Amino acid sequence: MLPSFRDLRYLIAYSVPLTAAVGLWLGGAFTWLTLVYTFGLLPLLEWLRPPGAVEPGVAAATETKRHAFFDGLLYLNVPLQYGLLAAFLYTLHTRSFSVAEIVGAILSIGICCGALGINVAHELGHRPRGWEQRLAQALLLSSWYPHFFIEHNRGHHRHVATPLDPATARLHESFWHFLPRAVLGEYRSAWALEAERLRRQDLPVWSVQNHFLQFQAAQAGLVGLVLTFFGVTGLLAWLAAAAVGYVLFQLVNYVEHYGLLRRQTAPGVYERVQPHHSWNSEHALGRIILYELTRHSDHHYQASRPYQTLRHQPASPQMPTGYPGMMLIATIPPLWFRVMNKRVPVAVSQQ
């Protein structure tokens, strides 16, 4: 099945790695291009053009779960991400960049670590085919985030919108308080989930069957390669870019579920995840750049749906602007609380 002309809009998602590549190639102020584009131009355009009426129950692009065009868009991110990382490390190793250029390059590649390395891995990690899951793991390794593969599907989707989920921000909790709690909590949760899986199978936790340890070993292997070819400086630059990706993805976590809670039906038992347990945005650019991640309610409601089949859920609470703009607002807690606290459903705020 050939893609329609309307489907080609998803090619815009490649504008993020394109700006990063241009910045590395041209150097100078262009190293900051990805940051200016993602958190300057995109929020401005989404603010100037709010979304129109959206028909509920209609897929974003197609009802077809297996579609070569939409799948291929995801797969191509793997060589793109690793190519950008290699170009980033090689450029820093062979060219005399100023401190400002280095910072700009780290921020630009860090945005790619979040958008390509983690966000695309999130989509592929939900796919049933093993080789697609291996692609997800490869992308997560590029961003120093491999434990996410364990924690997200088996932890976050189970505990979202409850106090048990480290990736659900509490009402009145600032992003800067949420950030360390979420990062450390996801590590602990991934280890606990993997240990639980092994115990159920009567296998030792400290063994080669432990996926958490397998991922750390693979991460160590990549670290060794970077050290060999680019030295300590290259390793620190990669780690800094990955840290930017960490922060950006935790910003996404923060805005997706801030202040939303499921009701307890019994001690330790919560109602099923519903569309009103995730914040959504129908702003077109953010939706396309992030492969429909902003239709997060439908993703949690039916996690098996590929991104192009996600639907607008009218019961989901809507953010006043797109994800890039909301991520910027979240970094300023007083502004975030002023914008968002009044939007948290009354029933939730009274819990």
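Note that residues are indexed from 1 along each chain, following the sequence as it is written. Only residues with pLDDT of at least 70 get local features here, since the model is predicted, and only at 80 or more are side-chain atom pairs given and counted; chain-wide, interface and lining totals rely on the full set of residues. As a rule here, side-chain values cover all heavy atoms of the structure and leave hydrogens and water aside.

### Considering the pattern of salt bridges
Argument step 1. A side-chain nitrogen of Lys or Arg and a carboxyl oxygen of Asp or Glu constitute a salt bridge if their distance falls within 4 Å. Summed over the entire model, instances satisfying the criterion amount to 15 salt bridges.
Argument step 2. We note a salt bridge from Glu 282 to Arg 295, for which the minimum N-O separation is 3.0 Å. A residue pair is termed long-range when its members are at least 10 positions apart, and Glu 282 in the loop between β2 (269-270) and α10 (284-289) and Arg 295 in the loop between α10 and α11 (296-301) qualify at 13 residues. The same class applies to Glu 282 as to Arg 295, namely buried.
Argument step 3. When salt bridges that share partners are traced, they join Arg 66, Asp 71, Glu 123, Arg 127, Arg 129 and Glu 132 into one network. In this description a helix means any DSSP run of H or I spanning at least four residues, a strand means any run of E spanning at least two, and both kinds are numbered starting from the N terminus. Any residue under 20% of the maximum accessible area for its type is buried, any over 50% is exposed, and the rest in between are partly exposed; the area is computed with a 1.4 Å probe on protein chains only.

### Comments concerning the UniProt feature "transmembrane region" (unreviewed entry) in the protein
Argument step 1. Following the UniProt record, the feature "transmembrane region" (unreviewed entry) maps to residues 12-39, 73-92, 99-121 and 222-249 here.
Argument step 2. Helix makes up 95% of residues 73-92 and strand 0%, and the two end C-alpha atoms of the span are 29 Å apart.
Argument step 3. Secondary structure across residues 99-121 comprises 100% helix and 0% strand; the distance between its end C-alpha atoms is 31 Å. UniProt positions are given in the numbering used here, feature names are shortened, and annotations may be inferred rather than shown by experiment.

### Focus: the confidence of the model for the protein
Argument step 1. Confidence per residue, as judged by the predictor, is encoded in pLDDT with a range of 0 to 100. Per-residue confidence for the protein gives a mean pLDDT of 94; residues scoring 70 or more make up 98%.
Argument step 2. Taken together, the stretch residues 347-351 has pLDDT below 50 and engages in 9 contacts with residues farther than four places along the chain or on a different chain. Residues are treated as being in contact if the distance between any of their heavy atoms lies within 4.5 Å.

### Some thoughts on the nonpolar core
Argument step 1. Membership of the largest hydrophobic core comes to 85 residues, with the highest contact counts inside it found for Phe 88, Ile 109, Tyr 254 and Trp 336.
Argument step 2. Of the residues forming this core, the biggest block, 18 residues, is contributed by helix α9 (residues 211-257).
Argument step 3. For Trp 336, the residues in contact, after removing those within four places along its chain, are Tyr 254, Val 255, Tyr 258, Met 326, Ile 329, Ala 330 and Asn 341. Residues belong to one nonpolar core when they are buried, are Ala, Val, Leu, Ile, Met, Phe, Trp, Tyr or Cys, and are joined through side-chain atoms within 4.5 Å.

### Examining the state of the cysteines
Argument step 1. Note that a disulfide, as used here, is simply two cysteine sulfur atoms within 2.5 Å. For the structure shown, the criterion picks out 0 disulfides.
Argument step 2. We note that Cys 112 lacks a disulfide partner, and the nearest cysteine sulfur, in Cys 113, lies 7.3 Å from it.
Argument step 3. Look at Cys 112 and you get buried, because its relative accessible area is 0%.
Argument step 4. Classification of Cys 113 as buried rests on a relative accessible area of 0%.

### A word on helix α12 (residues 323-330)
Argument step 1. Within α12, 7 of the 8 residues are buried, which leaves the element mostly enclosed by the surrounding structure.
Argument step 2. Among all positions in α12, only Tyr 323, Pro 324, Gly 325, Met 326, Met 327, Ile 329 and Ala 330 are buried.
Argument step 3. Where the residues of α12 are buried, they touch α2 (33-48), α8 (175-200), α9, α10, α11 and α13 (333-340).

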